[in-house]
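Okay, here's what each chain looks like letter by letter:
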Amino acid sequence: MAFGLVLAGALNTSAQAKTLTISWWGYNGDKLNANVIEPFKKICGCEIVFETGNNADRLNKLKLRDGKGVDVIYLTDSFSQLGIAQGLFQKVDASKLPNLAALYDIAKDPQGGYGPAYTIGRVGIVYDSAKVKPDITSWNDLWREDLKSAITLPGITTTAGPMVVMQAGKHAGADAFEDADKTFEAVEALKPNVAKNYNTGSEMVNLISTGEAKVAIAQDFTLASLKSAVPTMTWASLSDGDIATLNTVNIPKGSENVELAHQFINFVLSKDVQQIQAEQGVDAPVNSKVQLTPEQAKMWTYGADMIAKLNRLDYEKLNEAKTDWIDRWNEIFSQ
């Protein structure tokens, strides 16, 4: 791959011998090292060090340091919105990210001038098509009478948990942010159909594999594990659309290597990097120039048509409402 072409002419001597500090999850470490870190080090002549951990822990560390100590931070969009609200990030300079032009629109500027999304996923409904008839075709189907004690929902503190609340509001004909009472009446009406709530992907897969549940609200990356456990698990084609989940990459306000951080982000967004990451099962591409075979694409949220149908959440409003939602959710499901 022509990694060296990605940043041709964009690097300058000030990048030499510097150290770039990246905060990320640390998953797929070997592939990320081979596909991203080592090629970028050869281009920039810099050293790279890491801070790893989950979203909440890493964002909290950055907050305690007042946005210092890290040059680039990877977060899910709900947590990057928290970081923005807390004043921890600086806006990016789009002129230093020429690869933005090739991204799907949803990824270019998801949060008002801050970091772009480097990968995309979706939350939807999966169900055992051998046991659930008729097929599930809408979020409203979760309230069907034939699905009593059949559904596993994500816990309210998980990524997808608040999305259940949003859909409950829509089911009730209410704005979940404006009318929490009506929204949570719909959540309570859903309770008889819930076998158990889950807090991890492995817990959800186990509930499906044992037959305790036959319907789940899930993120797309869990589909392979679900189908391995129960081959008839099917991703529902929803008339009202799946929900987008974005992973973003931002530059903290205390970055000591802002130029180098921009160069790294631009590299991550390049067609070459996005292509190999998708091919090797690391991340779904947001660069529209990436071309995947049907076999490679089937595990991803991929392609203009699929991405255009996704719904986005207002994480600024969601984060403000979350504390109240957690309390109301727990009142219903702790009984």
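Data block above holds the structure.
All values derive from a computational prediction rather than experimental measurement. (Residues numbered from 1 in each chain as written. Predicted model: local features only at pLDDT ≥ 70, side-chain atom pairs only at ≥ 80, totals over all residues. Heavy atoms only, no water.)

Peer 1: It is not clear to me how the overall build of the protein should be interpreted in this structure. Could you clarify?
Peer 2: Check the secondary structure of the protein and you find 14 helices and 10 strands. Considered along the principal axes of its C-alpha atoms, the protein spans approximately 65 × 40 × 30 Å. Within the protein, the proportion of its 335 residues that are buried is 54%. Taking contacts inside the protein between residues at least 6 apart in sequence as the whole, the part at least 24 apart equals 73%. Total accessible area on the protein stands at roughly 14,600 Å², and carbon and sulfur atoms take up 49% of it. For the protein, the centre of its 32 positive side-chain charges and the centre of its 40 negative side-chain charges are spaced 3 Å apart. (Helix = DSSP H or I, 4+ residues; strand = E, 2+ residues; numbered from the N terminus. Buried < 20%, exposed > 50% of the residue type's maximum accessible area, 1.4 Å probe, protein only. Contact = heavy atoms within 4.5 Å. Areas by Shrake-Rupley, 256 points an atom, 1.4 Å probe, with all protein chains shown as cover. Lys, Arg positive; Asp, Glu negative; His and termini not counted. Charge placed at Lys NZ, Arg CZ, Asp CG, Glu CD.)

Peer 1: Explain a negative patch on the surface here, please?
Peer 2: Taken together, the side chains of Asp175, Glu178, Asp179, Glu185 and Glu188 define an acidic patch exposed on the protein surface. Note on placement: Glu178 falls in the loop between helix H6 (161-171) and helix H7 (180-190). Overall, the relative accessible area of 63% leaves Glu178 in the exposed class. (Patch = residues over 30% accessible without salt bridge, like charges linked within 9 Å, V, L, I, M, F, W, Y side chains within 5 Å. Salt bridge = Lys/Arg side-chain N within 4 Å of Asp/Glu carboxyl O.)

Peer 1: Which parts of the structure should I look at to understand the pattern of salt bridges?
Peer 2: A pair can form between side chains of opposite charge whenever their charged atoms are brought close. Under the definition given, this model contains 13 salt bridges. Its salt-bridge partner being Asp181, residue Arg328 comes within 2.8 Å of it at the nearest N-O pair. Linking Arg328 in helix H14 (residues 315-333) with Asp181 in helix H7, this pair joins segments that are 147 residues apart in sequence. Accessibility expressed as a relative area gives 46% for Asp181, which makes it partly exposed. A single network of salt bridges, built from pairs that share partners, joins Arg122, Asp220 and Asp242.

Peer 1: I'm lost on the state of the cysteines in this one. Help?
Peer 2: As used in these notes, a disulfide is a covalent bond between sulfur atoms, one from each of two cysteines. According to the stated counting rule, one finds one disulfide in the structure shown. Each sulfur in the disulfide pair Cys44 and Cys46 lies 1.9 Å from the other. Judged by the torsion about the S-S bond (-75°), the Cys44/Cys46 disulfide is left-handed. The residues Cys44 and Cys46 share a single accessibility class, namely buried. (Disulfide = S-S within 2.5 Å.)

Peer 1: Which parts of the structure should I look at to understand the side chain of Thr21?
Peer 2: On the secondary structure map, Thr21 appears in strand S1 (residues 19-24). Setting aside residues up to four positions removed in sequence, Thr21 forms contacts with Val49, Gly69, Val70, Asp71 and Val72.

Peer 1: I would appreciate a short explanation of the packing of aromatic side chains in the present structure.
Peer 2: Given two aromatic rings, their pairing is described by the distance between the two centres and the angle made by the two planes. According to the stated counting rule, one finds eight aromatic pairs in the structure shown. On the numbers, 5.1 Å between centres and 0° between planes, the contact of Trp24 with Phe50 is stacked. Of the two residues, Trp24 is situated in strand S1 and Phe50 in strand S2 (residues 47-52); the sequence distance between them amounts to 26 residues. For Phe50, a relative accessible area of 39% corresponds to the partly exposed category. Ring centres of Trp329 and Phe333 lie 4.7 Å apart, and the angle between their planes is 40°; this geometry places the pair in the tilted category. With Trp329 and Phe333 both in helix H14, this residue pair falls four residues apart, about one helical turn. Cluster of aromatic residues (ring-pair linked, three or more members): Trp24, Trp25, Phe50, Tyr74 and Tyr118. The positively charged end of Arg58 is found above the aromatic ring belonging to Trp25, 5.1 Å away from the centroid. (Phe/Tyr/Trp six-rings, centres within 6.5 Å; stacked < 30°, edge-to-face > 60°. Lys NZ or Arg CZ within 6 Å of the ring centre and 35° of its normal.)

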